[in-house]
Amino acid sequence: MIRVKICGVTTVQDAEFALEAGADALGLNFVPGTPRCLEVEQGREIAEALPPFGTRVGVFVNESPERVLEIAHRVDLDAAQLHGDETPEECRWLIERGLRVIRGLRVKGPETISQIDAFPDCAILLDAYVQGALGGTGETFDWELARQAAVAKPIILSGGLKPDNVGEAVRSVQPYGVDSSSGVEGAVLARKDPDRVLGFIENARTAISELEEMKR
């Protein structure tokens, strides 16, 4: 079963709608200086308002492991997505303390895919590399690289996914999960557009059903 994650959620309303629409996971951004960044108390308010289902993922970039763990406990996160230059040792430190870790890698080329083996205990999220940006750019990358990686290890596919291309992405890569942030936003930056969220999830689920039918 392929999972669907809606990332960069900034309000209780957007979080509740995404879960009601069928999202499996929500991403809460704690990266200072980015447009979807939350204060810790904002993140806790969103998490506390949600029903007891759906995975809460905190997104961090080059934050100290101690700070990541502190925020995870305060917000009641289920997992941390590390999207910077975090080392295998830092990931392992968090895992040993009970936090699931998603290691985000921004794909430049095959050399990025070769880094996956350094993080054997982490889930892997592949995003597009854009010079000077940390994510949420709406840019895609070569899905063939993701498809090759997904043969060997469960992959969460991100980077430029939106309602009109998520079905193709699911069929092409057959990832463990798909992730969208800016691709499900409308005219208002950092706010999710309900129609786009619903379309993204519905199109992903349709493609997932088609794959499952083919395997029967």
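Residues numbered from 1 in each chain as written. Predicted model: local features only at pLDDT ≥ 70, side-chain atom pairs only at ≥ 80, totals over all residues. Heavy atoms only, no water.

Draft legend 1. Structural context of the overall build of the protein. Looking only at helices and strands, the protein features eight helices and eight strands. For 216 residues, the compact-globule estimate of 2.2 N^0.38 gives 17 Å, and the C-alpha radius of gyration of the protein, at 16 Å, lies within 12% of that figure. Principal-axis analysis of the C-alpha atoms places the extent of the protein at approximately 45 × 35 × 35 Å. When burial is assessed residue by residue, the protein has 51% of its 216 residues classed as buried. Considering only contacts within the protein whose residues lie at least 6 apart along the sequence, 53% involve residues at least 24 apart. Of the accessible surface of the protein, which amounts to about 10,100 Å², a share of 48% is contributed by carbon and sulfur atoms. Side-chain charges of the protein comprise 23 positive and 35 negative groups, with the mean position of each set lying 2 Å from the other. (Helix = DSSP H or I, 4+ residues; strand = E, 2+ residues; numbered from the N terminus. Rg over C-alpha atoms; globule rule 2.2 N^0.38 Å. Buried < 20%, exposed > 50% of the residue type's maximum accessible area, 1.4 Å probe, protein only. Contact = heavy atoms within 4.5 Å. Areas by Shrake-Rupley, 256 points an atom, 1.4 Å probe, with all protein chains shown as cover. Lys, Arg positive; Asp, Glu negative; His and termini not counted. Charge placed at Lys NZ, Arg CZ, Asp CG, Glu CD.)

Draft legend 2. Structural context of the packing of helix 1 (residues 12-21) against helix 8 (residues 194-215). Viewed as axis vectors pointing N to C, helix 1 and helix 8 meet at an angle of 30°, and their least axial separation amounts to 10 Å. The angle between the axes of helix 1 and helix 8 places the two elements in the roughly parallel class. Handedness of the helix 1/helix 8 crossing: right-handed. Contacts between helix 1 and helix 8 involve F17, A18 and A21 from the former and P194, V197, L198 and I201 from the latter. When the residues that make up the contact of helix 1 with helix 8 are grouped by side-chain class, the tally is seven nonpolar, no polar and no charged. (Axes fitted to C-alpha atoms, helices over the stretch in contact; angles between N-to-C directions. Parallel < 35°, antiparallel > 145°, perpendicular 65-115°, else oblique. Left-handed = near helix turned anticlockwise from the far one by under 90°. Nonpolar A, V, L, I, M, F, W, Y, C, P; charged D, E, K, R; others polar.)

Draft legend 3. How the structure looks around the sheet that holds strand 7 (residues 155-157). Strand order in the closed barrel formed by eight strands is 1-2-3-4-5-6-7-8, and the pairing between neighbours is parallel. Pairs of neighbouring strands in the sheet enclose a mean axial angle of 25°, with direction left out of account. Taken together, the four bridges between strand 3 (residues 55-60) and strand 4 (residues 79-82) define a ladder with parallel strand orientation. Bridge pairing links F60 to L82 in strand 4. (Pairing = 2+ DSSP bridges.)

Draft legend 4. How the structure looks around the packing of aromatic side chains. A full pass over the atoms with the stated rule returns one aromatic pair. A cation sits over an aromatic face here: K108 above Y129, 4.7 Å from the ring centre. (Phe/Tyr/Trp six-rings, centres within 6.5 Å; stacked < 30°, edge-to-face > 60°. Lys NZ or Arg CZ within 6 Å of the ring centre and 35° of its normal.)

Draft legend 5. Representation of the pattern of salt bridges within the structure. All chains considered together, the criterion is met by 15 salt bridges. Between R103 and E86 there is a salt bridge, with its nearest N and O atoms 3.7 Å apart. Pair noted here: R103 is in strand 5 (residues 100-107) and E86 is in the loop between strand 4 and helix 4 (88-96), with a separation of 17 residues, a long-range link. The salt bridge involving E213 is made with R216; its shortest N-O contact spans 2.4 Å. One salt-bridge network, held together by shared partners, links E41, R44, E48, R67, E70 and R74. (Salt bridge = Lys/Arg side-chain N within 4 Å of Asp/Glu carboxyl O.)

Draft legend 6. How the structure looks around the packing of helix 1 against helix 2 (residues 40-49). Where helix 1 meets helix 2, the closest approach of the two axes is 9 Å, and the angle between their N-to-C directions is 40°. Where helix 1 crosses over helix 2, the two elements pack in a sense that is right-handed. Side by side, helix 1 and helix 2 meet where V12, A15 and E16 of the first sit next to E45, I46 and A49 of the second. Taken together, the residues of the contact of helix 1 with helix 2 sort by class into four nonpolar, no polar and two charged.

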